[in-house]
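Each chain, written out:
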Amino acid sequence: MSSVRSRVIVIGGGHAGIEAAAASARLGVETTLVTLRKDGIGQMSCNPAIGGLGKGQLVKEVDALGGLMGRIIDRTGIQFRTLNSSKGPAVRATRAQADRDLYKNYARECIEAQPNLTVVESEVQSIRANAGRVTGVVLKNGIVLECEAVVLTTGTFLRGLMHTGAQQTCGGRNGDVASNALSDSLRELGFTLGRLKTGTPPRIRRSSIDFSGLEEQPGEVPARPFSMMTDAIRQKQVSCWISNTSEEIHDIIRSNRERSPMFNGQIKSGGPRYCPSIEDKVFRFADKLSHHIFLEPEGYESDIVYPNGISTSLPSDVQDAFVRKIKGLEHCEILQYGYAVEYDFVDPRNLKPSLETKDVQHLFFAGQINGTSGYEEAAAQGIIAGANAAFAVLGQQPLVLNRGQAYIGVMIDDLVTLGVDEPYRMFTSRAEYRLILREDNACFRLSPLAIERGLLSADQKSYFEKRSEQFDRVQKWVSQYRIKPTEETNAWLAALGSAPLRDSITVETLTRRPELTLDTILARFPYSDELPYDLQCALEIDLKFRGYLDRQDEEIRKLKKNEDELIPADFSYDSVPGFRVEAREKLKKFRPYSIGQAMRIPGITPSCVSLLAVFLKRHRSAVGQAAAS
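In this report, the structure presented in the accompanying data block is examined. Quick caveat: nothing in here was measured; it's all calculated off a predicted structure.

### Considerations on the sheet that holds strand E18 (residues 292–297)
Here six strands make up an open sheet; going across it, the order is E16-E17-E18-E19-E15-E20 and the pairing antiparallel. Lying at the two open borders of the sheet, with one neighbouring strand each, are strand E16 (215–217) and strand E20 (334–336). Here the average twist between neighbouring strands, direction ignored, is 35 degrees. As defined by bridge partners, E18 adjoins strand E19 (residues 304–308) across four bridges and the pair is classed as antiparallel. If you follow phenylalanine 294 over to E19, its bridge partner there is asparagine 308.

### Digging into empty space enclosed by the protein
Applying the stated criterion to the full structure yields one cavity of 30 Å³ or more. A volume near 30 Å³ is recorded for the largest cavity. Taken together, His15, Ile18, Glu19, Met69, Ile72 and Tyr103 form the lining of the largest cavity. Elements that contribute at least two residues to the lining of the largest cavity include exactly helix H1 (15–26) and helix H3 (69–76).

### Regarding the sheet that holds strand E21 (residues 339–346)
One open sheet holds the four strands; their spatial order is E13-E12-E21-E14, and the pairing between them is antiparallel. Where the open sheet ends on each side, the last strands, each with one partner, are strand E13 (167–170) and strand E14 (193–200). When strand polarity is set aside, the average angle formed by the axes of neighbouring strands in this sheet is 25 degrees. With eight bridges joining them, E14 and E21 adopt antiparallel strand pairing. When the bridges of E21 are listed, threonine 200 appears paired with tyrosine 339.

### Notes on the layout of surface pockets
For the second largest pocket, the calculated volume is near 1200 Å³. Along the wall of the second largest pocket there are 46 residues; nearest its centre are Arg224, Asp440, Tyr533, Asp534 and Cys537. Those elements giving two or more residues to the lining of the second largest pocket turn out to be helix H2 (55–64), strand E6 (93–98), helix H11 (442–453), helix H12 (458–480) and helix H16 (533–544). Examining the composition of the lining of the second largest pocket, we find that seven residues originate from one element, H16, more than from any other. When the residues that make up the lining of the second largest pocket are grouped by side-chain class, the tally is 21 nonpolar, 10 polar and 15 charged.

### Quick word on the nonpolar core
Leu186 and Ile408 are the most contacted members of the largest nonpolar core, which totals 111 residues. The biggest single contributor to this core is helix H9 (residues 375–394), with 12 residues. When neighbours within four sequence positions are excluded, isoleucine 408 is seen to be in contact with Leu58, Glu61, Val62, Leu65, Ala380, Ile384 and Leu401. Residues Trp477, Leu501, Phe525 and Tyr527 belong to the second largest nonpolar core, which totals 22 residues.

### Focus: helix H10 (residues 407–418)
Look at H10: 16 Å from first C-alpha to last across 12 residues, which is about the 16 Å you get at 1.5 Å a residue. Within H10, 11 of the 12 residues are buried, which leaves the element mostly enclosed by the surrounding structure. Taken residue by residue, H10 has Tyr407, Ile408, Gly409, Val410, Met411, Ile412, Asp413, Asp414, Leu415, Val416 and Thr417 as its buried positions. Residues of H10 that are buried make contact with H2, H9, helix H18 (581–590) and helix H19 (595–599). Of the residues trailing H10, glycine 419 is marked for its positive phi of about 70 degrees.

### Concerning the pattern of salt bridges
Considering all chains together, one arrives at 45 salt bridges under this definition. Between arginine 403 and aspartate 413 there is a salt bridge, with the nearest N and O atoms lying 2.7 Å from each other. With a gap of 10 residues between them, arginine 403 in the loop between H9 and H10 and aspartate 413 in helix H10 connect regions that are remote in the sequence. We classify arginine 403 as buried; its relative accessible area is 8%. Shared partners join several salt bridges into a network, and the residues in it are Arg403, Asp413, Asp414, Glu432, Glu563 and Arg600.

### Details of unusual backbone geometry
Each neighbour pair has its own omega, and for valine 221 with proline 222 the value is -5 degrees, a cis peptide bond. Its location among the elements puts proline 222 in the loop between E16 and strand E17 (240–244). For arginine 159, which is not a glycine, the phi torsion comes out positive at approximately 50 degrees. Here arginine 159 lies in the loop between strand E11 (149–152) and strand E12 (161–164). The backbone of arginine 591 sits at a positive phi, close to 50 degrees, despite the residue not being glycine. With respect to the helices and strands, arginine 591 occurs in the loop between H18 and H19. Since its relative accessible area comes to 35%, arginine 591 is described here as partly exposed.

### Here we look at the packing of aromatic side chains
Summed over all chains, the structure comprises 11 aromatic pairs. On the basis of an interplanar angle of 55 degrees and a centroid distance of 5.3 Å, the ring pair of phenylalanine 191 and phenylalanine 365 is categorised as tilted. On the criterion of sequence distance, the pair formed by phenylalanine 191 in the loop between helix H5 (180–188) and E14 and phenylalanine 365 in strand E22 (residues 363–365) is long-range, its members being 174 residues apart. Here the two residues phenylalanine 191 and phenylalanine 365 agree in accessibility, since each one is buried. Considering the side-chain rings of phenylalanine 211 and tryptophan 241, the 5.3 Å spacing of their centres and the 45 degrees angle between planes classify their relative orientation as tilted. Here phenylalanine 211, found in the loop between strand E15 (203–205) and E16, pairs with tryptophan 241, found in strand E17; they are 30 residues apart in sequence, far enough to count as distant. By relative accessible area, which is 19% here, tryptophan 241 ends up buried. Through a chain of ring-to-ring contacts, the aromatic side chains of Trp477, Tyr481, Trp492, Phe525 and Tyr527 assemble into a single cluster. Over the ring of phenylalanine 391 we find arginine 453, and its NZ or CZ is 4.0 Å from the ring centre.

Calculation notes
- Position labels on residues start from 1 in each chain and follow its written sequence.
- Residue-level local features of this predicted model are given only where pLDDT is at least 70; pairs of side-chain atoms are given and counted only at 80 or more, and the full residue set underlies all totals for whole chains, interfaces and linings.
- Hydrogens and water are ignored here; the side-chain numbers use all heavy atoms of the structure.
- For two strands to pair, DSSP has to find at least two bridges joining them.
- Per the convention used, a helix needs a DSSP run of H or I reaching at least four residues, while a strand needs a run of E reaching at least two, with both numbered from the N terminus.
- Under this scheme, a helix contributes an axis fitted over its contacting stretch, all axes are lines through C-alpha atoms, and angles between N-to-C directions fall in the 0 to 180 degree range.
- Definitions used throughout: a 1 Å grid over protein atoms alone; a cavity as a set of points that fits a 1.4 Å probe which cannot get out; a pocket as an open set with protein on both sides within 12 Å along at least five of seven lines; a lining residue as one with an atom within 4 Å of a point.
- Grid points are joined across faces, edges and corners, and a volume is the space filled by probe spheres set on the points.
- Under the scheme applied, nonpolar residues are Ala, Val, Leu, Ile, Met, Phe, Trp, Tyr, Cys and Pro; charged residues are Asp, Glu, Lys and Arg; polar residues are all the others, including Gly.
- Put simply, a nonpolar core is a bunch of buried Ala, Val, Leu, Ile, Met, Phe, Trp, Tyr and Cys residues held in one set by side-chain atoms that sit within 4.5 Å of each other.
- Here's how the labels work: a residue is buried when its accessible area is under 20% of the maximum for its type, exposed when over 50%, partly exposed in between, all with a 1.4 Å probe on protein chains only.
- Any two residues whose heavy atoms approach within 4.5 Å at even a single point are treated as in contact.
- Helix span is expected to be 1.5 Å times the residue number reduced by one.
- Whenever a carboxyl oxygen of Asp or Glu lies within 4 Å of a side-chain nitrogen of Lys or Arg, that contact is scored as a salt bridge.
- Ring pairs are drawn from Phe, Tyr and Trp, using the six-membered ring of Trp, whenever the two centres fall within 6.5 Å, and their geometry is named by plane angle: stacked under 30 degrees, edge-to-face over 60, tilted for the rest.
- Sitting over a ring, as applied to charges here, requires NZ of Lys or CZ of Arg to be within 6 Å of the ring centre and within 35 degrees of the ring normal.

Structure (structure tokens):
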């Protein structure tokens, strides 16, 4: 066999693989991305959209860490909207439709332009390890790629099996083959694999749809970018359209229950509870007379529409029948039938918070192999896994985010502590500190850490520093600029239903009045400098919710203290007397990274954690004395 050497190898060119490879290469480490097809890099296998509730926060955090996803969607998005705009700031999120082809092409362009990064078009057959440490990978053509670290981002390709009715086809997505040998290699390395399922709807020819009776859903103007490096979204926006299912459609689906792979036993794995198929919706929510369907164009020039809301694995003739009962789709042409795909995943409790596997050194997993679902969740894991693979070969400490720092930290902690029994999807409700973990402050939370660890380019660092200076200036201005109690000012306040001023007050104090917005105040008392809208939002939230934010900051400080109490990998739980058998076995099985993670393991009681902390302190003291002697 011929041999090629690279320090870090990333397997898979999806959203996790893109971020992993780019992060490793940005850190100056020679990196190789191995993908089945170069023209599949950045492929949006399911819906052509980025962001959403909980997901938009992840994209902003990836951007704050120097990642690509935010910049790619800003460049290729065709519709931008703010979700939950009428609700509290903790649950607002950005979502954008993408031009599927433009997104994929620009993603590939970014990867091919990245220094220190080589793309190899091939299939990985196996991962090599020696003495519990990765040494390389073997390609299908027999070539060995030697390396010091591997990041595995396989998506739905591990023993992927697609279902449309009784028809079953091997593959990770339509048109691409499955990766069966790699599953076997993981088993040989000692990993236990499970099965999960996801699905996709049929694709409809756009020109065959009658939009005249449908509800139009236009984009937001002005559109708000995802990336701190995007000054504005300048490309035109297109509309999406809303239709609905009906009782007639539900009856067609009910009458074909025995032909559904979901219900006849053909599919045995668990699917995403929060992104159910249309069959799931009809049977689980029998009281619902209809369900929304969002008709999402796949691009400016594309004649394909993605009908979000009718993911299905029903036979093609049943899809023909129920799809053409949908308002607007009566005479539509189905270009590709929907299908479900089953695939292998590895229990993420086998991972450290760095996403390195516990049993094989310098082997990292990211994306759907860890039991997650979604482009954003994959990208967020990818940037952490890729950075940590590079840090591992550079001999540096891993990058680990805690639950108080980022949604990324929440997601990874959920995965490595609790595991999954269905595809994991990020929601704002999963984050205890979501008022702090907002979209608008992602760069302030994470970019200083990214700069410290070398993850931002010179341009990104310059952009962040500019934004920080802007924010510092406006914070100083609102705390110093005083509004006097003139007759005109009090008349203006009265018109807004706000109490008159008796003494002069600062803009900061006035903004705290619940009936006033910062936007309204600045319209009356203009700020002379440039103030981007997202910085204005961040400032207003900081001013109005300062008391709540201070309390969450205190809770996060306590969390960090527990997360900083690390547990050595070789710590002997058998040496701690007083543990219940169940607790001892759980700790030995999970091998928690820190006292904080140990606290979150189901069944581990506060008394158990207190006992562990006492003996951990004694252990550190003994190690210190031994080192001193």
